[in-house]
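What follows is the residue order along each chain.
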Amino acid sequence: MTFDLAILGAGPAGAAAAVEASLLGMRSLVIDEQVAAGGQVYRASPPISSGDPDGDRLRASLAGCSASVRLVHRLWNVERDDDGFRLLAIGPEGAFEARARSLIVAAGAQERFVPFRGWELPGVMGLASATILIKAQRLLPGRNVVVAGAGPLLYAVAHGILDGGGRVVALVDAQPRSAWWMPDLLSRPDLLVRGMSWLAALRRAKVPILRASVVDAVAREGDGLSATVQGRAIACDAVCCGFGLMPATDVTRLLGATHSFDAALGGWHVVVDDQQRCDVPGLYAAGDVAGIRGAASAPHQGRIAARAVAGAAIGSTRERDGASRFGVAMNRAAQVGDYVISSIAPDVTMCVCERLPRSVIEAAIDDGCVTINDVKGATRCGMGPCGGRMCEDAVARLIAIKTSCTRRDVGMATGRPPLRPVALDAIAGDFDYEALPMPAPAPL
Amino acid sequence: MGATAALRASEGGMRVVVIERDVAGAGASGVNAGTLSLQIKRVKLMPYALIGHEWWRSAGDAIGFKRTGGYTLAFNAREAEMLHDRMTQKRAAGAPIEFVTPRQVVTREPALCDRIVAASYCAEDGHADSTRTGTYLRGLLRDAGVELREHANVTHIDTREAGFRITAGSETTSSKRLLLAAGAWTAPLASLLDVALPIRVRTNTVTVTEPGPVHLHAGVGHATGLLTLKQKSNGSYLIGGGWQGTGSPEAGRGRVVADTLLQNLRLARFAVPATANVRVLRSWTGYEAYVPDYWPLAGVLPGVRDAYVLACVRGGYTIGPCIGPLVADLILGREPALPLFDPARAM
């Protein structure tokens, strides 16, 4: 199957791109891993609705447009040649393959983690994971939850837990109150009001809010957990902790596009021009993958990308840029200082998949490793099932601190397939041994 | 290869500096599948492979060496004939390889495919953890007092009356003698001396899976050489076999090609059915330099006085620690214990 355009991700950027592409008469394909469109921001719960009219509108417009939508399809590889892109995915019916002349990557964001003692324990999860439980399954992460980290998700998750009938035993915000005073927040009074209402609900429920504090450690305690904050033990049964969002760049890395580091945009993001074009021919990016700008900006970026693919006039980019202000400011509130990395103890696990403590990473750095790829090669850090999504940022930051280099110097890890872990059989499929091509063997 | 040559030259009384573009072991020796198998070595290179193999064995735990034994399998008559012919010659060259019956194989390794037609076994085969190569070599160089300059990309080499001036970044180094041992990057280095080495590059693919239940103890190969497979002690499978990705050393790291990866995984799936249910975590590529006759370049760099080259050693991960010191012996003016491979023949 050959499409004019393939779109990776059915969140706000991807869905808007698909609808626009459909209006422009393009044959397009949308691939998304989830059971329903909407992305993380409009994640639906069964029966499919996010309880948010914007999400329901997104799903209705995507369903109503001419794009071929493949949900529950896990993309594991993308290749590029002179004719465009070849996409390989695993869906409910097995291997799925398609070709497209152009590609819009609308893969969104991933959470930033900061390692602390006990972060790998069951019951400790990211704020985004907690959001999935709450939004998609209407489940609570626990009955008595510590919500910790930085950024707006902290308050969204705490509110979601209260709303679902759970108890938030402490909200631990790494930032001082002053971090939230940003003029750009006034650009979206509606969202500001929503945030204030969450805060009011936390006050009514008498949730202790500890500011300028972080969870130093979590340990098993009886049937539950104990979280240590500023030397005080807090009994709980779940800890949700995250430090803002980072662009999900695995596809754009794999395709060799140029990326840039900007802490204000969530760190490493793929570089796009005013028309959302990357520097790889035929490749476009829209939404948080091109820098964290939030859900309001994403549809504008998606539409612009689709118009650029079609060669249609882009028109004004003012709306897109205006809508970005709030999202950028929100993510800025999740930026915490180097102390969260410097204070990690030598025996605390940094790479959970390969069980590597800080001391091992640090020994590699002391031994001469100065890039993230150096450390990866020397320690296997980031080579487990998470593909570095959980540890790469913290390890790169540690390298930068220890070597007094910039994050740009430390670099990003090389993108490699599969983009997500895939069962070997799902890739191998059915085959006849005698029909396998066998290139001539090496000379004797 | 460069590091072991440096160690021997230093032992011989020379002051040596190793200039490395990335970090020690960042190239083929750090990204290969860690296979140390005599069954996949070329007949004529077997004496070198036996010595190299011994070097890795003595490195032991420091590089994660495991002597697991290894099987090479044939699944049809054509492969059986190839296996018999090849392994007989390799055995004659000194590798302790024996032929075993399919029943013996499946009794010892029940996780293997039950459609084996013929098999060979080498008890000496095993693997190392190639990700540890750099750290290990760096330690050896440090202990020997050999200076290692990492992240130093050589951009100019000037020949002078008595040696070379080598520029890497902002640093310049003068030396009387020069050995080029940069793997797939050797030809670009030689071109700085106006020598055109006819080096080509293969882009080999390696895949690692998540840990699964430990079913397999020995290493597994295929009669054609198109599969190497081992299950590490943590349960993850490492799958290789020289399936080709794409890329060029000048343009950066290579890329995995889905069509060849697919065949590699199918061979693995066929040989070890238990791999079906584990998830593939990561496939990557590494460059392997070669010249058209597939024999090493190991000796004097043609046309440049006091310059030497060591590259294109097929099976270089195993053989490197043997042939590196041999070339250093040549540089020291000693007679190497085994013959070298004059690069002039390839020009």
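All values reported here derive from a predicted model rather than from experimental measurement.

A. The arrangement of the overall build of chain A in detail. Helices and strands together make up the secondary structure of chain A, namely 14 helices and 22 strands. Taken against the 2.2 N^0.38 rule, which gives 22 Å for 444 residues, the C-alpha radius of gyration of chain A at 22 Å falls within 12% of a compact globule. Expressed as lengths along the three principal axes of its C-alpha atoms, the size of chain A is roughly 65 × 60 × 40 Å. In chain A, buried positions account for 55% of the 444 residues. Sequence-distant contacts in chain A: of pairs separated by 6 or more residues, those separated by 24 or more amount to 64%.

B. Structural context of the overall build of chain B. Helix and strand content of chain B: nine helices and 19 strands. Taking 2.2 N^0.38 as the reference for a compact globule, 347 residues should give roughly 20 Å; the C-alpha atoms of chain B span a radius of gyration of 20 Å, in line with that estimate. Across its three principal directions, the C-alpha atoms of chain B cover 65 × 40 × 35 Å. Classification of the 347 residues of chain B by burial places 60% in the buried group. Once local pairs closer than 6 in sequence are excluded, the contacts in chain B between residues at least 24 apart make up 73%. Only carbon and sulfur atoms are counted for the fraction: they give 49% of the accessible area of chain B, which is about 13900 Å². Seen as two clouds, the 38 positive and the 30 negative side-chain charges of chain B have centres 3 Å apart.

C. Structural detail: the packing of helix α10 (residues 358–366) of chain A against helix α11 (residues 372–379) of chain A. Residue and element names in this part refer to chain A. With their axes 10 Å apart at the nearest point, α10 and α11 run at an angle of 115° to one another. Judged by the sense of rotation from one axis to the other, the crossing of α10 with α11 is right-handed. The residues of α11 that touch α10, namely those facing Val-360, Ile-361, Ala-364 and Ile-365, are Val-375, Ala-378 and Thr-379. The residue inventory of the contact of α10 with α11, partitioned by class, reads six nonpolar, one polar and no charged.

D. View of the interface of chain A and chain B. Contact with chain A, which involves 46 residues of that partner, is made by 53 residues of chain B. Here chain A packs against chain B, burying approximately 4400 Å² in sum over the two surfaces, 57% of which is carbon and sulfur. Of all residues in chain A, Arg416(A), Leu424(A) and Leu444(A) bury the most surface against chain B, accounting for 20% of the area lost on that side. Our enumeration of links across chain A and chain B arrives at four salt bridges. A salt bridge links Asp367(A) to Arg142(B); its shortest N-O distance comes to 2.4 Å. Of all the secondary-structure elements, those providing two or more residues to the side of chain A that touches chain B are β4 (74–81), β5 (84–91), α11, β22 (422–423) and α14 (424–428) of chain A. Looking at which element gives the most residues to the side of chain A that touches chain B, the answer is α11(A), with five residues. Both β22(A) and strand β17 (residues 279–290) of chain B contribute to a ladder of two bridges, which runs antiparallel.

E. Broad picture of the sheet that holds strand β19 (residues 307–311) of chain B. All names here are of chain B. Sheet architecture is open: three strands sit in the order β12-β19-β18, paired in mixed fashion. Of all strands in the sheet, those with a lone pairing partner are β12 (178–180) and β18 (297–300), marking the two edges. Averaged over all pairs of adjacent strands, the angle between their axes in this sheet comes to 15°, without regard to strand direction. On top of the sheet, helix α9 (residues 316–331) reaches β12, β18 and β19; it is set at about 170° to β19, its chief contact.

F. Broad picture of the sheet that holds β17(B). Taken in spatial order, the nine strands of this open sheet run β22(A)-β17(B)-β13(B)-β16(B)-β15(B)-β14(B)-β4(B)-β6(B)-β5(B), and their pairing is mixed. If you trace the sheet from one side to the other, it starts and ends with β22 of chain A together with β5 (97–100) of chain B, each paired once. As paired elements, strand β13 (residues 200–209) of chain B and strand β16 (residues 237–240) of chain B share two bridges and run antiparallel to each other. Looking at β16(B), one finds that Val208(B) is bridged to Leu238(B).

G. Broad picture of unusual backbone geometry. All names here are of chain A. Cis geometry is found at the peptide bond from Pro-417 to Pro-418, where omega equals -5°. With respect to the helices and strands, the residue Pro-418 is situated in the loop between α13 (407–410) and β22. Here the phi dihedral of Lys-206 falls at roughly 55°; this positive angle occurs in a residue that is not glycine. Inspection of the secondary structure assignment puts Lys-206 in the loop between α5 (189–204) and β11 (209–211). Classification of Lys-206 as exposed rests on a relative accessible area of 70%. In this structure, Gln-230 takes a positive phi of about 50° despite not being glycine.

H. Summary view of the packing of aromatic side chains. Residue and element names in this part refer to chain B. Applying the stated criterion across every chain yields a total of 13 aromatic pairs over all chains. With centroids separated by 4.5 Å and ring planes inclined at 35°, the aromatic side chains of Trp-56 and Tyr-317 adopt a geometry described as tilted. Of this pair, Trp-56 sits in helix α3 (residues 46–59) while Tyr-317 sits in helix α9, and the two are 261 residues apart along the sequence. For the pair shown, Trp-56 and Tyr-317 are each scored as buried. Between the aromatic rings of Phe-75 and Phe-270, the centroid separation amounts to 4.9 Å while the plane-to-plane angle is 90°, which identifies the pairing as edge-to-face. Of the two residues, Phe-75 sits in the loop between β4 (70–74) and α4 (77–92) while Phe-270 sits in helix α8 (residues 258–271), which places them 195 residues apart along the sequence. Here Phe-75 falls in the buried class, since its relative accessible area comes to 4%. Phe-270 sits in the buried class, given a relative accessible area of 10%.

I. Here's a closer look at the side chain of Ser175(B). Residue and element names in this part refer to chain B. Tracing the chain through its elements places Ser-175 in strand β11 (residues 171–175). Using a relative accessible area of 17% as the deciding quantity, one classes Ser-175 as buried. Within the structure, Ser-175 has its side chain in polar contact with the backbone oxygen of Arg-177 (distance 2.8 Å). Excluding residues within four positions of it along the chain, Ser-175 makes contact with Ala-162, Gly-163, Phe-164 and Ile-166.

J. Geometry of the pattern of salt bridges. Residue and element names in this part refer to chain A. For the structure on display, the rule yields 45 salt bridges over all chains. Residue Asp-81 pairs with Arg-99 through a salt bridge whose shortest N-O separation is 2.8 Å. Of this pair, Asp-81 sits in strand β4 while Arg-99 sits in strand β6 (residues 94–105), and the two are 18 residues apart along the sequence. Here Arg-211 ties to Asp-173 by a salt bridge, and the two come within 3.7 Å at their closest N and O atoms. Linking Arg-211 in strand β11 with Asp-173 in strand β10 (residues 167–173), this pair joins segments that are 38 residues apart in sequence.

What counts and what doesn't
Residues numbered from 1 in each chain as written. Chains lettered and ligands numbered in written order. Predicted model: local features only at pLDDT ≥ 70, side-chain atom pairs only at ≥ 80, totals over all residues. Heavy atoms only, no water. Helix = DSSP H or I, 4+ residues; strand = E, 2+ residues; numbered from the N terminus. Rg over C-alpha atoms; globule rule 2.2 N^0.38 Å. Buried < 20%, exposed > 50% of the residue type's maximum accessible area, 1.4 Å probe, protein only. Contact = heavy atoms within 4.5 Å. Areas by Shrake-Rupley, 256 points an atom, 1.4 Å probe, with all protein chains shown as cover. Lys, Arg positive; Asp, Glu negative; His and termini not counted. Charge placed at Lys NZ, Arg CZ, Asp CG, Glu CD. Axes fitted to C-alpha atoms, helices over the stretch in contact; angles between N-to-C directions. Left-handed = near helix turned anticlockwise from the far one by under 90°. Nonpolar A, V, L, I, M, F, W, Y, C, P; charged D, E, K, R; others polar. Buried area = accessible area lost by both parts, 1.4 Å probe. Salt bridge = Lys/Arg side-chain N within 4 Å of Asp/Glu carboxyl O. Pairing = 2+ DSSP bridges. Phe/Tyr/Trp six-rings, centres within 6.5 Å; stacked < 30°, edge-to-face > 60°. Polar contact = N/O pair within 3.5 Å; in protein donor to acceptor, adjacent residues only side chain to side chain.

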